[in-house]
Amino acid sequence: MSSLKVKFGVHIPPDGPLSEYARWVREVESLGFAALGIADSQCLRRDVYPAMTIAALNTKSIPIGPRVTNPLTRHPTVTASCLAAIDELSGGRAFMGIGGGESSVFNAGLPPATMAQVREYVLAVRDLCVKGEAVYQGKPCRLSWAHRRVPIYVAATGPKNLRMAGEIGDGVIVAGSLTPELIAEARQRIREGAEAAGRRIEDIDIWWMV
């Protein structure tokens, strides 16, 4: 029987005073968690990027990122600049989780983003971080100060979203698929997306939201 290596990340939303957040993130790292996700829900919690800054300054090795942000409440130049700054501050430990948006967009009076909006946003943020320029909603945009590739994890549940995530994501965050049958189904959809983009599923970092 082959062994399966399992790593655990943790989701710590900035619900309380930010003055206390440093203690929480130091504890997370000391306990050996493999990743720290921070909620992006500006109407319910403290903003994700000050929390990420605190996490970057108070940890040494754990990856840090919004889990998850959305394509609607920030222009991709804003997100790309914030991610690049956190990546610089943390010594290359930033990542971005992104989905259609729930409380962050509902409380702003917006509907969740469509698959097409998520795709366009992911590609724009990646191009801005890597190339310093992108086309978004038909218009050119630029990020002149930083060229840092930050891994992008696409949150997905249904078959179409899982295929898209496998096609464009450095990683996938899968929710609601925790039985053996559902895990196999999710992996198959991710594999289909990866192969459509000329990649292998083994090249994609898959997280399971438990």
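Up top is the structure.
Everything quoted here is computed from the prediction, not taken from an experiment.

## Observations regarding the nonpolar core
Soluble globular proteins tend to bury their nonpolar side chains together.
So, point 1. Leu36, Ile38, Val125, Val154 and Ile190 are the most contacted members of the largest nonpolar core, which totals 51 residues.
So, point 2. Those residues in contact with Val154 that lie beyond four places of it in its chain are Ile98, Val118, Val122, Met164, Ala165, Ile168, Gly169, Gly171, Val172 and Ile173.
So, point 3. Judged by nonpolar contacts, the second largest core, of 5 residues, contains Ala35, Phe95, Ile173 and Trp207.

## Regarding the packing of aromatic side chains
Where two aromatic rings form a pair, the distance of their centres and the angle of their planes describe that pair.
So, point 1. Overall, the coordinates contain 4 aromatic pairs when judged by the stated rule.
So, point 2. An angle of 85° between the planes, with centres 5.2 Å apart, marks the rings of Phe95 and Trp207 as edge-to-face. Taken as a pair, Phe95 in the loop between α3 (76–90) and β4 (96–98) and Trp207 in strand β9 (residues 205–209) lie far apart in primary sequence, 112 residues in all. The same class applies to Phe95 and to Trp207, which are both buried.
So, point 3. Pairing Tyr121 with Tyr136 gives two aromatic rings, centres 6.0 Å apart and planes at 80°, and the pair type is edge-to-face. You can see Tyr121 sitting in helix α5 (residues 115–131) and its partner Tyr136 sitting in strand β5 (residues 133–136), a full 15 residues away along the chain. Each member of the pair Tyr121 and Tyr136 is classed as buried.
So, point 4. These aromatic residues form a ring-pair network of at least three members: Phe95, Tyr153 and Trp207.

## Section: the sheet that holds strand β8 (residues 171–175)
So, point 1. With parallel pairing, 4 strands are arranged side by side in an open sheet as β4-β7-β8-β9. Two strands close off the open sheet at either side, each with one partner strand: β4 and β9. Ignoring which end each strand starts from, the neighbouring axes of this sheet average 25° apart.
So, point 2. Of the pairings in the sheet, the one linking β8 to β9 comprises 5 bridges and is parallel in character. Across the sheet, the residue bridging to Val174 is Trp208, located in β9.
So, point 3. Together, β4 and β7 (152–156) form the strand contacts of α5, whose direction differs from that of β7 by roughly 170°.

Scoring rules and cut-offs
Residues numbered from 1 in each chain as written. Predicted model: local features only at pLDDT ≥ 70, side-chain atom pairs only at ≥ 80, totals over all residues. Heavy atoms only, no water. Core = buried A, V, L, I, M, F, W, Y, C linked by side-chain atoms within 4.5 Å. Buried < 20%, exposed > 50% of the residue type's maximum accessible area, 1.4 Å probe, protein only. Contact = heavy atoms within 4.5 Å. Phe/Tyr/Trp six-rings, centres within 6.5 Å; stacked < 30°, edge-to-face > 60°. Helix = DSSP H or I, 4+ residues; strand = E, 2+ residues; numbered from the N terminus. Pairing = 2+ DSSP bridges. Axes fitted to C-alpha atoms, helices over the stretch in contact; angles between N-to-C directions.

Purely geometric stuff here, so don't read any function into it on its own.
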